[in-house]
Amino acid sequence: MLLGEQEQILSYNGEVLLFQLSNTKHVEGAADKTTNLCVRRMAFNRDTKLFVQKSSGEFSMRASHLKIEIICCSCTTDSRTGIILPCILIKKKKRNNVTKYLLLLLHSSNQFEQSFHFKLNYELKEDIKLFTGPSVLWRHANKLFYISSDTCTVLSAPVQLSSVVWTGEMEDKGTVVLGIRTACLPDNEDQDEFSTSDRAIWGSEFFGYAIETQKMLTGTCFMPHAYSRVVSSVYVCKNEILKKQLRISLVAITHKNQLIWFQDGLPKGVCELPYEKPCSVKPAVTSSNDVLFVVSFASGNVCVVQRRDSLQVASKWQKVKSVLVDDFIGSGSEQLLLFFKDDSNTDVLSTFKITDLGEVDYVSGINYKHDAPATEGLQENGLLTVQALETRLQAGYTSVRELQQHLRLKKKVIFESCRALIDLVEERTHILPTAEEEGLVSLWHGVENPPHSLSKETSLASKVPEHFTEKLWQRVVGDSLIVGVKLTESSYLSLSDVSLSLLVDQNFSSISPIIKCQNKFIKLNKAFSALAVSSCQIEPPPKKMKLDLHGKYDMKKEFPQLNEAKSVIAVTSLSPLLAFHRVCCIVLLHAKKQKCRTDSLQESKKITVLCGKISLSLEDVSNGKYSVKMLKDNNYCTGSLEDILAVLAGSVRFSFQIVSSDCTLTPVNSWLLGEMECTPFKECHDNIFCHKAGIVYEI
């Protein structure tokens, strides 16, 4: 912050640098004078609670007939080494209206280095910025000028602008200048067609300009154009390239005494500022990872806006000479250092305050062995801090309470679902909790047992006899586990909508109890002369709730013409199951049983039959216990019925048609049996198999 023409203050690596100009004469009575630029490095002593001088340095300049002033100072990156160094801009004004400017770098040894100098026939007064290089940028006559240590030549940017609100680095853009300029209506628009308010909005626009690439950036990615008329200063908090799009987060202060948070060009929050004419804003990250925005005002006042769930003023001070942000106490996080105006003491560092609006709070002139005296300003700031903390605490408590209620409900639903599944598998009647146990009020007007209750339906399902299934088997094909159930001769004539479910044994509580799988139905006639796989409809909604252990497996269901179905097969991914080394699954058969009524009509009811259990281990799979074994018998391929069904269920089918008007198609069967070395399956001549690279392909 600017203190005066002869004095500037800056923070650097937790230290306070105090720059001062002083005039001296070489020889008494001589005309030539020498002006010294002195720097004092001050560090905060946590024992004495005072700033003590660590070192000092000076830079001498001839000042004959010259007026020397300090324009500004900042910390910028030296492009030669990549090290951030303090730099200071000095002005030497001559009598012939020629002004010379020097940019100095301060090294850790307190030695000053003149980076470059330049001359102008006018004075720098508007929007002066120091940035990487080091470089100097300024605005004059609505034009943008800059000079760097690389060029040492004043350059002009091809843009017209009314103000510069921010200068800094952006990802993939280099140094970017954000400014406001007069906007022009689109070429195809007529100004007479716009109202006064429309012309006011289009009167100015926000824009960005990349100095290295000399390219313009769309202003709407920073904020809507309507805000450009009121914004006075901006700080870009975050910028990144995501999916080839520039994502920007920034805060802006306005002439309307507001601080506004923008995310990707849209306003996300606003806070009314307590004083008028805000002039600058900068962030601070405290020990509690709170992001604070420090706003300085032209009147010498300062306020801090805290960003949590919303933007709100957390503290404010008056009669502030300068405010700095750095880690002054060496805690690893940033604090605010405020220097207050004190007419009784000319030393800038005599009256100060270090705070992070939390645990850190040092005030000059206070004996910390006793409680600090309560003042009106401290009480006011304390009240604001307490109010902000109360709001955050209440919002946090509400969020935690809602989360706890949600977790309790989820846990209860999972617990009751597991109980119902276990009762179903073990053929026990599942009894639902009463309304009193659930803490609910009945909507059935006192009727405790409404018709068609779930417990009654479950009880009916559990009484179905188990003579529908004939055999349970399992195979491993590639990365799939194939589980099959052979139905009895009489059962598949009276069943419809048949499907299988795989339930993980309740001893494996760390994984989902239900395994999502794909159901397929394969029919074989008694002579095994034909094979077909049926197509089907989507499974009823209750089975859509099955969870997938793999997390990416899409559930597909196929249902047959059940009056011809003989075997029902479930296919699921093998890898998630092998992750547990050994797992046991319960196999359930779901179906609708047809029942004849006296009026020759049929009605059906859902049944669930326990088919048995299967076990699977990594050792068994490695030893090939459940692998498909295909043998060659003369010119045929033969295997067990389960092996045939497993290969058919685990294979992927594609249909295609070859049409050619110019060429004669080679007989496909001859090509498959010859070059592809395929052999027809002995029990089913319509399907042939290819043995290559150890993998069985069904064709």
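This one's a predicted model, so the numbers in the text were calculated from it and none came from an experiment. (Residues numbered from 1 in each chain as written. Predicted model: local features only at pLDDT ≥ 70, side-chain atom pairs only at ≥ 80, totals over all residues. Heavy atoms only, no water.)

Just to check I follow, could you spell out the overall build of the protein for this structure?
The helix and strand inventory of the protein stands at 8 helices and 43 strands. Across the 699 residues of the protein, 42% fall into the buried class. Across the protein, contacts joining residues at least 24 apart in sequence account for 51% of those joining residues at least 6 apart. As displayed, the protein offers around 39000 Å² of accessible surface, 51% of which is attributable to carbon and sulfur atoms. (Helix = DSSP H or I, 4+ residues; strand = E, 2+ residues; numbered from the N terminus. Buried < 20%, exposed > 50% of the residue type's maximum accessible area, 1.4 Å probe, protein only. Contact = heavy atoms within 4.5 Å. Areas by Shrake-Rupley, 256 points an atom, 1.4 Å probe, with all protein chains shown as cover.)

Teacher, can you tell me more about the sheet that holds strand E18 (residues 231-242) here?
Sheet strands pair via backbone hydrogen bonds, and the direction of the pair is either parallel or antiparallel. Reading across from one edge, E18-E19-E20-E21 is the order of the 4 strands in this open sheet, with antiparallel pairing throughout. The open sheet terminates on both sides in strands that have one partner only, identified here as E18 and strand E21 (266-272). Adjacent strand axes in the sheet meet at a mean angle of 15°, parallel and antiparallel pairs treated alike. Across 6 bridges, the pairing between strand E20 (residues 258-263) and E21 is antiparallel. The partner of Ile260 across the bridge, within E21, is Val270. (Pairing = 2+ DSSP bridges. Axes fitted to C-alpha atoms, helices over the stretch in contact; angles between N-to-C directions.)

Honestly, the packing of aromatic side chains in this entry has me stumped. Any pointers?
Any two aromatic rings considered together are summarised by their centre-to-centre distance and by the angle between their planes. A full pass over the atoms with the stated rule returns 15 aromatic pairs. Each ring, one from Phe51 and one from Phe339, has its centre 6.3 Å from the other, and the planes form 45°; the classification is tilted. One end of the pair, Phe51, is in strand E5 (residues 50-62); the other, Phe339, is in strand E27 (residues 335-340), with 288 residues separating them in the sequence. Grouping residues by exposure puts Phe51 and Phe339 together as buried. Judged by centre distance (6.0 Å) and plane angle (50°), the ring pair of Phe59 and Phe112 falls under tilted. Remark: Phe112 occurs in strand E9 (residues 112-120) and Phe59 occurs in strand E5; sequence separation between them is 53 residues. There is no split in this pair, since Phe59 and Phe112 are both buried. Joined through ring pairs, the aromatic side chains of Phe44, Phe51, Phe339, Phe352 and Tyr362 make up one cluster. (Phe/Tyr/Trp six-rings, centres within 6.5 Å; stacked < 30°, edge-to-face > 60°.)

I would appreciate a short explanation of the side chain of Ser163 in the present structure.
Looking at where Ser163 falls in the secondary structure, it is placed in strand E14 (residues 163-170). The residues contacting Ser163, other than those within four sequence positions of it, are Asp127, Arg139, Gly179 and Ile180.

Is there a simple way to think about the side chain of Gln474 in this case?
As for its position among the elements, Gln474 is in strand E30 (residues 469-477). Residues in contact with Gln474, not counting those within four places in the same chain, are Leu481, Ile482, Val483, Ile614, Ser615, Leu616 and Tyr626.

Which parts of the structure should I look at to understand the pattern of salt bridges?
Between side chains of opposite charge, a pair can form when the charged atoms approach closely. Overall, the coordinates contain 17 salt bridges when judged by the stated rule. Of the charged contacts in the structure, one is a salt bridge between Lys353 and Asp361, with a shortest N-O distance of 2.6 Å. For Lys486, the salt bridge identified is with Glu470, shortest N-O distance 3.4 Å. With Lys486 in strand E31 (residues 480-487) and Glu470 in strand E30, the pair connects residues that are 16 residues apart, well separated along the chain. The class of Lys486 is partly exposed, set by a relative accessible area of 22%. Residues participating in the shared-partner salt-bridge network are Lys67, Glu69, Lys91, Lys93 and Glu123. (Salt bridge = Lys/Arg side-chain N within 4 Å of Asp/Glu carboxyl O.)

Explanation requested: the environment of Leu578 in the structure shown.
Looking at the secondary structure, you find Leu578 in helix H5 (residues 575-578). Along the chain, Leu578 and Leu616 lie 38 residues apart, while their C-alpha atoms are 7.9 Å from each other. Not counting residues up to four positions away in its chain, the partners in contact with Leu578 are Leu616, Ser617, Leu618 and Val621.

When you look at helix H7 (residues 641-650) in this model, what are you seeing that I'm missing?
For an α-helix, 3.6 residues make a turn, and residues three or four places apart therefore share a direction. Where burial is concerned, most of H7 is hidden: 8 out of the 10 residues are buried. Along H7, the residues classified as buried are Glu642, Asp643, Ile644, Leu645, Ala646, Val647, Leu648 and Ala649.

How do you make sense of a nonpolar patch on the surface when you look at a structure like this?
Together, Ile658, Leu665, Val668 and Trp671 give the surface a local cluster of nonpolar side chains, amounting to about 370 Å² of exposed area. Counting through the fold element by element, Ile658 comes out in the loop between H7 and helix H8 (668-674). (Patch = residues over 30% accessible without salt bridge, like charges linked within 9 Å, V, L, I, M, F, W, Y side chains within 5 Å.)

Even after reading the chapter, I still don't get the nonpolar core, so can you show me in this structure?
Grouped burial of nonpolar side chains is what soluble globular proteins tend to show. With 36 residues, the main nonpolar core has Phe19, Leu37, Ile90 and Trp138 as its most contacted residues. No other element matches strand E8 (residues 99-106), which puts 6 residues into this core. Not counting residues within four places of it along the chain, the set of residues in contact with Ile90 comprises Leu37, Met61, Ile68, Glu69, Ile70, Ile71, Lys100, Tyr101, Leu102 and Leu104. With 28 residues, the next largest nonpolar core counts Leu481, Ala570, Cys585 and Val609 among its residues. (Core = buried A, V, L, I, M, F, W, Y, C linked by side-chain atoms within 4.5 Å.)

In this structure, what is going on with the sheet that holds strand E23 (residues 291-297)? I would like to understand it.
Here we have 4 strands laid out as an open sheet, ordered E22-E23-E24-E25, and antiparallel in their pairing. The open sheet has two free edges, formed respectively by strand E22 (278-285) and strand E25 (311-317), since each of these has just one partner strand. On average, each strand axis in the sheet is tilted by 25° relative to the strand beside it, whichever way the strands run. Where E22 lies against E23, 7 bridges are found, and the strand directions are antiparallel.

Before we go on, may I ask you to explain the confidence of the model for the protein in this structure?
Close reading of the predicted structure is inappropriate where its pLDDT is low. Of the residues in the protein, 75% reach a pLDDT of 70 or more, and the chain-wide mean stands at 76. When mean pLDDT is compared element by element in the protein, strand E11 (residues 135-140) scores highest at 93, while strand E35 (residues 531-533) scores lowest at 39. With pLDDT under 50 throughout, residues 442-465 is counted as low confidence; its partners more than four residues away or in other chains account for 15 contacts. Under a pLDDT of 50 for its full length, residues 525-565 has, in the predicted model, 103 contacts with residues more than four places off or in other chains. (pLDDT = per-residue confidence, 0-100.)

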